[in-house]
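Structural overview
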Amino acid sequence: MKKLAFLTLFMALVVNAFSQETKNDTIVVNGDKVEILINNNKVKIVDSSNGLKINVFTITENGEVEKNPYYESRYENDVNSVTEKKNVTINIPIKPTFIKDDKYVTDDKGTKIKFYSFDPIYPNIYYAYSAMIGIPPSHYRLNFNLQKANSFEWGSYLFQYDICHNKRKTIGLTTALGFSNTYFYSSYILGTTTTDNSSNYTYFFRPADLNEEGNSIPDGLLSTNPEELDGGSYRYWSLRLPISVQLQWRVGGNRMAFSFGPEFEWRFAMKSFTYFQNDKLTVSDNLAYNPFGVNALAVLNFKSFVIFGRAGLTQMFNQDNSPIRVTPVNLGIGFSF
């Protein structure tokens, strides 16, 4: 088999070489070695007891043969083994191109990455760790003691849309409509009290500081014994509308994508709670919070797995009726189907 393959290839190269009009075409035979020079390429054929080996080299302008062949084939023990060299080039912005050997390409430029679709990567369902950051950060310690391990958010981006993308489907704009339910737990109690101008003043109350000036009992707890109160929590719902720049590429044949951009949030149904004699008690459902907020949202997707981070850019509470200066942040995982 190998002798027949060798003879066939050799005869084809000889006929091709003699048919060339270029004076540089030469054939050198040295025992079991044959070298054929055709224009700027050299074909080297070696026959040995181990089998037939064929290498194809490119010749540089200086007349020197490159160290490594761009094609190599072996016929050893009637087994055909082909080694192909593959280069990857990355353009900026992220615009990867794969250049494969002549077995796969149809032109000199190689084969470019192509995607069948450009789909938004927001998680269809997610769970996130929640926290608060003071604005400025020095205010965080003064506002409340957040129980970070217990605070969380769950949600979903149900309706996702591709606004636009380039022809190669590697970069574009996406948006979605999502909702979420957020819970914060604290050793302080978020409550309200009516001021002289009938506004609801929202603040964090700690029973241990009851005797301090200006730290009055929230209106919803006037009939309770503050010493029997045990921590507090508050929760709210949100509708979310992100608008993101999305990039996508392949890693090992698998699609990866990253998106970043602003997210507009509408909060509603915020309530605060505490525990009194082991029973859950509503403290207030009329808190002075900002219903509208703006966040920065970043999403990384691999296959169907999603990691995302969100940071609030606006205050959570109305500064005219509350001294609390915080903004929410989230770090979560989810799935995009």
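Heads up: the structure comes first, above all this text.
Residues numbered from 1 in each chain as written. Predicted model: local features only at pLDDT ≥ 70, side-chain atom pairs only at ≥ 80, totals over all residues. Heavy atoms only, no water.

1. Section: the pairing of strand β13 (residues 189-194)
In summary, the side chains of a regular strand alternate between the two faces of the sheet. Of all the six residues making up β13, five are buried; the element is thus mostly covered by neighbouring parts of the structure. With six bridges connecting them, β13 and strand β14 (residues 200-205) associate as antiparallel partners. Residue Thr-192 lies in a different strand from β14, and its bridge partner there is Thr-202. (Buried < 20%, exposed > 50% of the residue type's maximum accessible area, 1.4 Å probe, protein only. Helix = DSSP H or I, 4+ residues; strand = E, 2+ residues; numbered from the N terminus. Pairing = 2+ DSSP bridges.)

2. Focus: the packing of aromatic side chains
For any pair of aromatic rings, geometry is given as the distance between the ring centres together with the angle between the planes. This model, assessed by the stated rule, comprises 13 aromatic pairs. Arranged with centres 5.8 Å apart and planes meeting at 85°, the rings of Trp-154 and Trp-237 form a pair that is edge-to-face. Remark: Trp-237 occurs in strand β15 (residues 229-251) and Trp-154 occurs in strand β11 (residues 152-165); sequence separation between them is 83 residues. Its relative accessible area of 35% is what places Trp-154 among the partly exposed residues. Among the residues examined, Trp-237 registers a relative accessible area of 28% and is labelled partly exposed. Taking 5.1 Å as the distance between ring centres and 35° as the angle between the ring planes, the aromatic pair formed by Trp-266 and Phe-268 counts as tilted. Through a chain of ring-to-ring contacts, three or more aromatic side chains come together here, namely Tyr-122, Tyr-126, Tyr-157 and Phe-308. Sitting over the face of the ring of Phe-273, Lys-280 holds its NZ or CZ atom 4.3 Å from the ring centroid. (Phe/Tyr/Trp six-rings, centres within 6.5 Å; stacked < 30°, edge-to-face > 60°. Lys NZ or Arg CZ within 6 Å of the ring centre and 35° of its normal.)

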